[in-house]
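# Commentary on secondary and tertiary structure
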Amino acid sequence: MSDIIAPTKPAAVEAAPVATVALMDQLPSADIRAESPLYHADLATVAKQGPKTGGVTLQEHKLLGHLVIRGNQDNAGFLAGARAVLGFDLPTQPLTAAEDGALSVRWIAPDEWLVIMPGKEAFELENRLRAAMSGHVAIVNVSGGQTVLELSGPDARAVLKKSTPYDVHDRNFPVGKVVTTVFAKSQAVIRRTGEQNWELVIRRSFADYLWLWLQDACAEFGLVVKD
Amino acid sequence: MFYIYCPHCGEHREEEEFHAKGQAHLARPLDPDNCTDHEWGEYLYMRKNPRGLHHELWIHATGCRKFFNMTRDTVSYEIKEVYKVGERPTVVAAS
């Protein structure tokens, strides 16, 4: 046993203020055109010209604000700050989510959460979180790096079964659950938002690949693209 | 395929989501500038390859991206125990 070294976890730093960081509003002006990761796929035209009925409906919720919040659950100043700004507690239970209207928070790891809100509110919310939280905390705006897809319809679960090794049966994946897992050999944060609704948060660099994958995987059920 | 319990996510996941990161409980020399080449070499390169119980470091790479330790039997491939970094294993080889 003498060769087993198990270092103890350092205590959370509570008193220290959040370090000064350079902040940048990623949406400085309304007249600058923003392009979602699937801009080139022109989903609006596909939606207009494509089939209107089918087993799976795909919709991109584009240009939302994505913030990654990291902090220690033992740090009371961190949790209280989040509650004060978000209006609800960070979901500290693994694989859970919390939401209030357009604002939603996903548990990613014991010290990491993904907050999604309307794109124009991201900078303001980031500043408010930064002001309200204390201790060893990180907040990063990753809005440009990922996008949200919603799969719905009676065959949406069948598409998931083709794409992920995760068990998507009701007994293992109830409404409200969030898992970060393998999706089509890539990675996605999958949240079940309804009986037949699934939300995928995917990386920008994989967006085109996953769009092609989903078209192929949905072909047998009939893919309806919604704008 | 392993079916691995992630102690951070609190449930079993497919092996595909994980990466093995080698032997667990490696102690970096506290004063690397003043350790001998032999000590540094031991730390960098020399690894155990036991027949039987082995403590390994794993990462839940496509999940919560957290590291944890696993005690595995290299003969039967049976996973004896999964525990967080900083905890001590309860299943250890008889010395």
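These remarks concern the structure in this document. Since this is a predicted model, take the numbers as computed values, not measurements.

Helix and strand counts for chain A stand at five helices and 11 strands. Counting only C-alpha atoms and orienting by the principal axes, one finds that chain A spans roughly 60 × 55 × 30 Å. Counting all 227 residues of chain A, 45% fall into the buried class. If you take every contact in chain A between residues at least 6 apart in sequence, the share linking residues at least 24 apart comes to 66%. With the model as given, the accessible surface of chain A reaches about 11,100 Å², and the carbon-plus-sulfur share is 54%. Chain A carries 22 positive and 26 negative side-chain charges, and their two centres are separated by 3 Å.

Residue and element names in this part refer to chain A. It is at 8 Å that the axes of helix α2 (residues 76-86) and helix α3 (residues 122-132) come closest, and there the two elements cross at 140 degrees. Accordingly, the angle class assigned to the pair α2 and α3 is oblique. As for how α2 packs across α3, the hand of that crossing is right-handed. Residues G77, G81, A82, V85 and L86 of α2 lie in contact with α3, whose contacting residues are L125, R128, L129 and A132.

So, on to the pairing of strand β6 (residues 79-84) of chain B. All names here are of chain B. Where strand β5 (residues 67-73) lies against β6, five bridges are found, and the strand directions are antiparallel. Its bridge partner being in β6, T71 is matched across the sheet by E81. The hairpin formed by β5 and β6 contains five residues between the paired strands, and Y77 there has a positive phi angle of roughly 70 degrees.

Each value, and the rule that gives it
- Residues numbered from 1 in each chain as written.
- Chains lettered and ligands numbered in written order.
- Predicted model: local features only at pLDDT ≥ 70, side-chain atom pairs only at ≥ 80, totals over all residues.
- Heavy atoms only, no water.
- Helix = DSSP H or I, 4+ residues; strand = E, 2+ residues; numbered from the N terminus.
- Buried < 20%, exposed > 50% of the residue type's maximum accessible area, 1.4 Å probe, protein only.
- Contact = heavy atoms within 4.5 Å.
- Areas by Shrake-Rupley, 256 points an atom, 1.4 Å probe, with all protein chains shown as cover.
- Lys, Arg positive; Asp, Glu negative; His and termini not counted.
- Charge placed at Lys NZ, Arg CZ, Asp CG, Glu CD.
- Axes fitted to C-alpha atoms, helices over the stretch in contact; angles between N-to-C directions.
- Parallel < 35°, antiparallel > 145°, perpendicular 65-115°, else oblique.
- Left-handed = near helix turned anticlockwise from the far one by under 90°.
- Pairing = 2+ DSSP bridges.

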